[in-house]
Amino acid sequence: MHIDHNKRHCDDCENVEQSKSKIDHFECYIKLEGELDASQKERLMEIADKCPVHKTLHANVTVKTSLIDE
């Protein structure tokens, strides 16, 4: 698996009103090994899109930072 990450500010500025406009862009490339038929490959791609990291990147994420007093 290989993942590319980049920022496309120009694209985002053109579509700022659209809810799908994002600053961070990820491209994931998966290499499957072995003899798999088309339905097996399709199923593996469905599973890849359901992994926790994939879901987190597609969700609205809130980050709360707190200071811990010692």
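Because the structure is predicted, anything quoted here is derived from the model rather than measured.

Participant: What is the right way to look at the overall build of the protein in this model?
Facilitator: A count of helices and strands for the protein gives 3 helices and 2 strands. From first element to last, N terminus to C terminus, the protein shows the α and β order β-α-β-α-α. Counting across all 70 residues of the protein, residues that qualify as buried make up 3%. At a minimum sequence separation of 6, the contacts of the protein that also span at least 24 residues come to 30%.

Participant: How do you make sense of a nonpolar patch on the surface when you look at a structure like this?
Facilitator: On the surface, Met1, Ile3, Phe26, Ile30, Leu32, Leu44, Met45, Ile47, Val53 and Leu57 cluster together to form a nonpolar patch covering roughly 930 Å² of accessible area. Secondary-structure elements contributing two or more residues to the nonpolar patch are helix 2 (38–48) and helix 3 (52–58). Its place among the elements puts Leu32 in the loop between strand 2 (24–29) and helix 2.

Participant: How should the environment of Asp4 be read in this particular structure?
Facilitator: By secondary structure assignment, the location of Asp4 is in strand 1 (residues 2–7). A relative accessible area of 30% means that Asp4 is categorised as partly exposed. Distance from Asp4 to His25, taken between C-alpha atoms, is 8.0 Å for residues 21 residues apart in sequence. The residues touching Asp4, leaving out its near neighbours within four places in the chain, are His25, Phe26, Glu27 and Tyr29. A polar side-chain atom of Asp4 sits 2.6 Å from a polar atom in the side chain of His2.

Participant: Just to check I follow, could you spell out the confidence of the model for the protein for this structure?
Facilitator: Where the model shows low pLDDT, its predicted coordinates should not be examined in detail. Summing up the model confidence of the protein, the mean pLDDT is 82 and the portion of residues at 70 or higher is 80%. Put simply, helix 1 (residues 9–14) is where the protein has its lowest mean pLDDT, 63, and helix 2 is where it has its highest, 94.

Criteria and cut-off values
Residues numbered from 1 in each chain as written. Predicted model: local features only at pLDDT ≥ 70, side-chain atom pairs only at ≥ 80, totals over all residues. Heavy atoms only, no water. Helix = DSSP H or I, 4+ residues; strand = E, 2+ residues; numbered from the N terminus. Buried < 20%, exposed > 50% of the residue type's maximum accessible area, 1.4 Å probe, protein only. Contact = heavy atoms within 4.5 Å. Patch = residues over 30% accessible without salt bridge, like charges linked within 9 Å, V, L, I, M, F, W, Y side chains within 5 Å. Areas by Shrake-Rupley, 256 points an atom, 1.4 Å probe, with all protein chains shown as cover. Salt bridge = Lys/Arg side-chain N within 4 Å of Asp/Glu carboxyl O. Polar contact = N/O pair within 3.5 Å; in protein donor to acceptor, adjacent residues only side chain to side chain. pLDDT = per-residue confidence, 0-100.

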